[in-house]
Amino acid sequence: MATLELIDIAKRFTKKVWGVKKMDLEVEEKEFIVLLGPSGCGKTTTMRMIAGLEEVTRGTILLDGKDITDIPPRDRGISMVFQNYAIWPHMSVYENIAFSLKLKKMPGAEIKQRVQETADMVKIGELLKRLPGQLSGGQQQRVALARALAVRPRLFLMDEPLSNLDAKLRVIMRTELKAIHQQTEATSIFVTHDQSEAMSMADRIVIMKDGEIVQIGSPDDVYFRSSNMFVAGFIGTPPSNFFTVKCEFKKEKISLKHSHFTLEIDSIGIEELKKYSGKEIVLGVRPEDLLVVADDKAVFTEEVLVVEPQGSHQVVALNLSETIVKMIVSAETKVNPGDKIGLGFNIKRIHFFDKETENRIPLISEA
Ligand SMILES: Nc1ncnc2c1ncn2[C@@H]1O[C@H](COP(=O)(O)OP(=O)(O)OP(=O)(O)O)[C@@H](O)[C@H]1O
Ligand SMILES: [Mg+2]
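Residues numbered from 1 in each chain as written. Chains lettered and ligands numbered in written order. Predicted model: local features only at pLDDT ≥ 70, side-chain atom pairs only at ≥ 80, totals over all residues.

Caption draft 1: Spotlight on unusual backbone geometry. Put simply, Thr 237 and Pro 238 share a cis peptide bond, and its omega is -15°. Located in the positive-phi region is Asp 8, a residue other than glycine, with phi close to 50°. As for its placement among the helices and strands, Asp 8 is situated in strand β1 (residues 4-12). When the 11 C-beta atoms within 10 Å are taken as the criterion, Asp 8 is described as exposed. A positive phi angle, near 50°, is found at Asp 210, a position not held by glycine. Position of Asp 210 among the secondary structure elements: in the loop between β9 (204-209) and β10 (212-217). Residue Asp 210 is classed as partly exposed on the basis of its 14 C-beta neighbours within 10 Å. (Helix = DSSP H or I, 4+ residues; strand = E, 2+ residues; numbered from the N terminus. Buried ≥ 20, exposed ≤ 12 C-beta atoms within 10 Å, placed from the backbone.)

Structure (structure tokens):
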């Protein structure tokens, strides 16, 4: 268990290529942090700098307040699990897990106990005599986890550890990893580009783009209070819909004019939009906040393009002047392609973004 602090760290690979441009992050003891972002945004580079496998170009890394920036990887008390497991094929499961403990010169009896205990925790306690080649992909990944956890690291780093597993196993392992974390309480950083994995596992999510952090927050923060359009579009499946509207204040009402509809809403609690009166802003609307309503209550009507059944719900797609709009509709609602449906908004959940900066327009009511 440890705290970690990244202070203004950066990694420049070549004159033009920055792996990470700037990272500032404070990780609390026992916290489970998830780094999330598109391919190439600098997640692995960040992890490698923390582990000491990559030198920083700039900045300081503190573990429990102690500067570890120039300390060799093996002396940092950090364990890392990679996407491609990297377990040793010629060693048995037992030997794989025991290896680092032997390096630490732990007494034999203690090693035996620790290996069994850790293997049981990740549910491979019965497989200790096997060679990695005799295991399934999921079991091999568990060996990699056990090997990293056996040393009881102060900080546990996992870089897309589940991405080689099939979809069903990933979801199972997600829950198990969370349970393991609750048991070990090891401060953990987990990398993924799967937003639903991030939402379900993280205490806090760090969303990265182009080598920088764009938002740090709880799963609720990034979902309900996305700091900009990139986050609103990246988090959630399907992602947020965006509507560019002209904003006009009329006494206690605001009218938001889109090319397909005009939405009139109460201005109470959203007075901050006043400075945008006469200007364009962007509405971010999550697919579950676009509602099928009776025609007389509809803000607009539109023809259904595609219906995607998902079992528990259905995703309905509409075509609004060359922009696909997606909404989540209950499984019971009868909708078919070609139907004209009435649409409304869950007004309290609409996000407002500045069209120029693409940043969230902060509202007093959210503070
Ligand atoms: N050794 C290297 N030399 C030069 N450029 C590198 C090196 N390693 C990474 N990069 C570049 O740094 C940037 C960040 O890479 P990184 O591997 O950290 O991304 P990532 O977020 O982990 O992506 P992914 O989701 O695909 O794993 C990318 O543009 C990548 O091409
Ligand atoms: Mg990576």
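Continuing now.
Caption draft 2: Local environment of the domain arrangement of the chain. Each assigned domain of the chain is listed with its residue range as follows: domain 1 (4-234) and domain 2 (241-366). Along the lines of polarity and charge, the residues of the side of domain 1 that touches domain 2 split into three nonpolar, three polar and one charged. (Domains from an automatic or database assignment. Nonpolar A, V, L, I, M, F, W, Y, C, P; charged D, E, K, R; others polar.)

Caption draft 3: Expanded view of the site of ligand 1. In the vicinity of ligand 1, the residues found are Phe 13, Val 17, Gly 19, Gly 37, Ser 39, Gly 40, Cys 41, Gly 42, Lys 43, Thr 44, Thr 45 and His 193. Taken together, the residues of the shell around ligand 1 sort by class into three nonpolar, eight polar and one charged. (Near = placed C-beta within 6 Å.)

Caption draft 4: Helix α5 (residues 167-184), seen in detail. Helix length check: α5 (18 residues) gives 26 Å between terminal C-alpha atoms against 26 Å at 1.5 Å per residue, within 8%. When we look at burial in α5, the residues that qualify are Met 173, Leu 177 and Ile 180. Looking down the long axis of α5, one finds its buried residues gathered within 65° of arc, a one-sided arrangement. Exposed positions of α5 whose direction lies more than 90 degrees from the buried face are Lys 168, Ile 172, Thr 175, Ala 179 and Gln 182. Residues of α5 that are buried sit in contact with α3 (108-121) and α6 (195-201). Phi for Glu 185, located one or two positions after α5, is positive at around 60°. (Expected span 1.5 Å × (residues − 1). Arc of directions from axis to C-beta. Contact = placed C-beta atoms within 7 Å.)

Caption draft 5: Region of the structure containing the packing of helix α2 (residues 93-103) against α3. Here α2 crosses α3 at 130°, and the two axes come no closer than 10 Å. As far as their axial angle goes, α3 and α2 are oblique. Note on packing geometry: the crossing formed by α2 with α3 is right-handed. Along its contact with α2, which presents Tyr 94, Ile 97, Ala 98, Leu 101 and Lys 102, the element α3 presents Ile 111, Arg 114, Val 115, Thr 118 and Ala 119. In terms of residue class, the contact of α2 with α3 is built from seven nonpolar, one polar and two charged. (Axes fitted to C-alpha atoms, helices over the stretch in contact; angles between N-to-C directions. Parallel < 35°, antiparallel > 145°, perpendicular 65-115°, else oblique. Left-handed = near helix turned anticlockwise from the far one by under 90°.)

Caption draft 6: Layout of the nonpolar core. With 68 residues, the main nonpolar core has Val 34, Ala 146, Leu 157 and Val 206 as its most contacted residues. A total of seven residues in this core trace back to one element, the largest contributor, which is helix α4 (residues 137-150). Among the nonpolar cores identified, the runner-up in size contains 14 residues, and Val 245, Leu 290, Ile 341 and Leu 343 belong to it. (Core = buried A, V, L, I, M, F, W, Y, C linked by C-beta atoms within 7 Å.)

Caption draft 7: Broad picture of α2. Here α2 has its buried residues at Val 93, Asn 96, Ile 97, Ala 98 and Leu 101. Against the buried residues of α2 lie α3 and α4. Where α2 terminates, the next one or two residues include Lys 105, which has phi positive at roughly 60°.

Caption draft 8: Up close: the pairing of strand β17 (residues 313-320). Bridge analysis of strand β16 (residues 300-309) against β17 gives five bridges, and the strand direction is antiparallel. Looking at the pairing, Glu 308 lines up with Val 315 of β17. Following β16, the chain reverses through three residues before pairing antiparallel with β17; Gly 311 in that reversal takes a positive phi of roughly 85°. Across eight bridges, β17 lies against strand β18 (residues 323-330) in antiparallel orientation. Paired with Leu 320 across the bridge in β18 is Thr 323. If you look at the hairpin formed by β17 and β18, you'll find two residues sitting between the two strands, and Ser 321 has a positive phi there, around 35°. (Pairing = 2+ DSSP bridges.)

Caption draft 9: Region of interest: the sheet that holds β17. Taken together, five strands build an open sheet; the order of strands is β15-β19-β16-β17-β18 and the sheet is antiparallel. Taken across any chain shown, the strands that pair with only one partner, and hence form the sheet edges, are β15 (290-293) and β18. Between one strand and the next, the sheet's axes are offset by a mean angle of 50°, whatever the strand orientation. In this structure, β15 lies alongside strand β19 (residues 340-345), joined through four bridges in antiparallel fashion. Looking at the pairing, Val 292 lines up with Leu 343 of β19.

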